[in-house]
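Okay, here's what each chain looks like letter by letter:
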Amino acid sequence: MIIAGVDIGNSTTEISIAKIDEQGYMHFLASAEVETTGTKGTVHNIKGIKEGLRHAMLKERLQIRDLDLIRLNEAAPVIGDTAMETITETIITDSTMVGHNPDTPAGQGVALGRTVLIKDLVEVRHKEAILVMVPKTMDYEFCAKCINAADQNIVGLILQRDEAVLVYNRLSKKIPIIDEVDGIDQLPVGKLAAIEVAAPGMTIKTLSNPYGIAKLFDLSASETSAVIPISKSLIGKKSAVVVKNTDGGMRETKIKAGTLTLKSHNEKSVTVSIDEGASAIMEAVRSIKDLQDIDGEHDTYVGDMLRRMKENLSELSEEASNHLTISDLLAIDTFVPVKVKGALAGEVAMEKAVAIAAMVQADKLPMNRLAKQLEAQVNIPVKVAGVEAVMAVIGAMTTKGTKLPLAILDLGGGSTDAALLDEKGQVRSIHLAGAGSFVTMLIDKELRLDNPMMAELIKRHPLAKVNSLYHMTMENGEVIFHHKPLPPKLYARVVVVTDEELIPIITDLSLERMVTVRQEIKHKVFVTNAIRALEKVAPDGNIRHIPNVVILGGSALDQEIPELIQQELANYNIVAGRGDIRGLMGPRNAVATGLVMSYLSEAFR
Ligand code: ADP
Ligand code: MG
């Protein structure tokens, strides 16, 4: 007979096909994976299941109707979702600074002077240093002519257009020029201001340092502490303008964030405010061993998110949403770029934020309904067989070199799952919030991509810097030569290197910065969760009692994640590594394989 194991995950539906011969031996024939159609556990999954089955059977030149039995996983009734709450906000209370990274500023150095509009230049009779502001109505030829002809003491230029280099090349006396200042008309006229343009390849050093600003503007100690938010938000910029404004300034305020209330089964509860940050939140989560539910404060971001998640799951499991509970939560501190309120050139400040992944749990998913409908459509017996975590461990045991007690870490899209199978055949399992899609969301936010598809690519593939049309430097320092010239649009760009193509990333972050952000996010999500998950399934809660861990799931295909976990677990003397299901499938297909294998023990019991 021929049987199929079908594992419906949040992201991927995995299939395994095996034949059982007359002697009762099992031979694996084929496997396949397709994207899950619809939310896991709903009848919408059937489309994907059929496609996957067709795919796998075709590899053996068979059809779905040649199957004798389909075994579905008892999918865990959990779904994960993520949200982000910003907890600081930078507000410019008066127009006082411009700091940004125009592609092509010109000149270099610091210049201090009074701001004057170019049209008013002729009226300036004094010899004091001046900074000339040029609105976009004036082109570079005319601008350069005016400046060259002027006999005033002009020390720097602020342009609205993107023409710094064009003007600079035409100047008889070279001065620093900052351009692309969109909000130039909001810069005050007749005020003392400083501009700074960094040397090539460098970032500004004076205006990003509070003492630098203090020296330029002759500030007192208390005035200096007031400019800290300004200097802080100018760190890493290639050019900047700061205008001294006695009554204006910038402030960083804390936004009122929501609170979380964690409830345990014995009615004890702990409340923690989001703005206390991730470690306080995770301390609260850890302090409650038998978490029953988590509530978010009404009318706040977290509150809305937790409510929305419950509603989503209640729709599909047909349970009233008050029967659903938040079973886990992972909070992470991050910085997200947010537009500075009142900024003049679209400046952003890296605001503190807390990102949250949460897991909603229902009593049961309507898997039997799904099984019945599938059976009716394909006319083959369909059985819901076995708990996902148990199946995953059975499948994982086909990895060479493993022995009992064996733990698995299943790194999926929506959740990080762990299970432990001991010598007595007992299994403990847990589903924790935060996995692959949380990592993707964090990359998207922190790198200011606003493009989840791009974030997914950056998560999976290495980066490179295109140095010339014939060569690029990979993030590990390796230099790659191309025989044919690269498309000019890639020149000097950071690119994602996929198997098929080079995709430019439009960003002002350096390659090194992007690599660091990517690795830190993976570490914060998966290493944290690996430890949390193993602690929950370990004998006596001590992960040193787990001898070996097999890492499974889509996120185990990542270039970095399994190694990060391995390194951490080495500290506990645990043998850990990426699974290789049936010595063939890598970290994929464990549950589907387990579903097929468990048939034998059930059939011949
Ligand atoms: P599920 O069991 O929930 O369906 P999967 O095991 O299919 O989830 O894992 C899905 C996750 O795996 C997604 O977050 C996806 O980004 C990630 N993933 C898939 N392939 C790769 C890869 N080659 N490198 C890194 N991550 C990957
Ligand atoms: Mg899975």
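Residues numbered from 1 in each chain as written. Chains lettered and ligands numbered in written order. Predicted model: local features only at pLDDT ≥ 70, side-chain atom pairs only at ≥ 80, totals over all residues. Heavy atoms only, no water.

### So, the sheet that holds strand β28 (residues 502-504)
Thought 1: Taken together, five strands build an open sheet; the order of strands is β26-β25-β24-β27-β28 and the sheet is antiparallel. Each edge of the open sheet carries a strand with a single partner, namely β26 (479-481) and β28. Mean inter-strand twist for the sheet, computed between neighbouring axes without regard to direction, equals 35 degrees.
Thought 2: Two strands pair when backbone bridges link them, and strand β25 (residues 471-474) and β26 are joined in this way by three bridges, in the antiparallel orientation. Note on β26: the bridge partner recorded for T473 is V479.
Thought 3: Helix α13 (residues 511-537) rests against β24 (463-466) and β27 (494-497) of the sheet, and its axis sits at about 175 degrees to β24. (Pairing = 2+ DSSP bridges. Helix = DSSP H or I, 4+ residues; strand = E, 2+ residues; numbered from the N terminus. Axes fitted to C-alpha atoms, helices over the stretch in contact; angles between N-to-C directions. Contact = heavy atoms within 4.5 Å.)

### Quick notes on the packing of helix α11 (residues 436-446) against α13
When two helices pack together, their arrangement is given by the angle between their axes and by how far apart the axes lie.
Thought 1: Where α11 meets α13, the axes come as close as 10 Å, and the angle between the chain directions of the two elements is 145 degrees. Judged by the twist between their axes, the crossing of α11 over α13 is right-handed. Here G436, F438, V439, L442, I443 and E446 of α11 come into contact with α13, specifically with V517, R518, I521, K522, K524, V525 and F526.
Thought 2: Here the contact of α11 with α13 is built from residues that sort into eight nonpolar, one polar and four charged. (Left-handed = near helix turned anticlockwise from the far one by under 90°. Nonpolar A, V, L, I, M, F, W, Y, C, P; charged D, E, K, R; others polar.)

### A closer look at the confidence of the model for the chain
Thought 1: Summing up the model confidence of the chain, the mean pLDDT is 89 and the portion of residues at 70 or higher is 93%.
Thought 2: By mean pLDDT, the top-scoring element of the chain is helix α12 (residues 452-460) (97), and the lowest-scoring one is strand β14 (residues 250-254) (59). (pLDDT = per-residue confidence, 0-100.)

### Quick notes on helix α10 (residues 388-396)
Thought 1: With seven of nine residues buried, α10 lies mostly within the body of the structure.
Thought 2: Turning to α10, its buried residues number three or more, namely E388, A389, M391, A392, V393, G395 and A396. (Buried < 20%, exposed > 50% of the residue type's maximum accessible area, 1.4 Å probe, protein only.)

### What to know about the packing of aromatic side chains
Thought 1: Scanning the entire structure with this criterion turns up zero aromatic pairs.
Thought 2: Residue placement shows K174 over the ring face of Y168; its charged tip is 4.9 Å from the ring centre.
Thought 3: Directly above the aromatic system of F28 lies the positively charged group of R582, at a separation of 4.1 Å from the ring centroid. (Phe/Tyr/Trp six-rings, centres within 6.5 Å; stacked < 30°, edge-to-face > 60°. Lys NZ or Arg CZ within 6 Å of the ring centre and 35° of its normal.)

### Let's talk about unusual backbone geometry
Thought 1: At the junction of L404 and P405, the peptide bond is cis and its omega measures out at -10 degrees in the coordinates.
Thought 2: Mapped onto the secondary structure, P405 falls in the loop between α10 and β21 (406-411).
Thought 3: At D299, a residue that is not glycine, the phi angle is positive and equals roughly 60 degrees.
Thought 4: Mapped onto the fold, D299 is located in the loop between β17 (291-296) and α8 (301-317).
Thought 5: Within the chain, N589 stands out as a residue other than glycine whose phi angle is a positive 80 degrees.
Thought 6: For N589, a relative accessible area of 2% gives the class buried.

### Let's talk about the pattern of salt bridges
Thought 1: The final tally for this structure, using the stated rule, is 18 salt bridges.
Thought 2: Notably, a salt bridge pairs D120 with K119, separated by 3.3 Å at the nearest N-O pair.
Thought 3: The closest approach of N and O atoms between D328 and R532, which form a salt bridge, is 2.7 Å. You can see D328 sitting in strand β18 (residues 325-339) and its partner R532 sitting in helix α13, a full 204 residues away along the chain.
Thought 4: Looking at R532, the relative accessible area reads 9%, which means it is buried. (Salt bridge = Lys/Arg side-chain N within 4 Å of Asp/Glu carboxyl O.)

### What about α12?
Thought 1: Listed in full, the buried residues belonging to α12 are M454, A455, I458 and K459. Each buried residue of α12 sits inside an arc of 145 degrees when the element is viewed along its axis, so together they form one side.
Thought 2: Contacts from the buried residues of α12 go to α11, β24, β27, β28 and α13. (Arc of directions from axis to C-beta.)

### A word on the pairing of β27
Thought 1: On β27, burial covers both faces: V494 and V496 on one face and V495 and V497 on the other are all buried.
Thought 2: One ladder, built from three bridges, connects β24 with β27; its direction is antiparallel. Paired with A464 across the strands is V495, a residue of β27.
Thought 3: Two strands pair when backbone bridges link them, and β27 and β28 are joined in this way by three bridges, in the antiparallel orientation. The partner of V496 across the bridge, within β28, is I503.
Thought 4: In this structure, the hairpin formed by β27 and β28 is closed by a connection of four residues.

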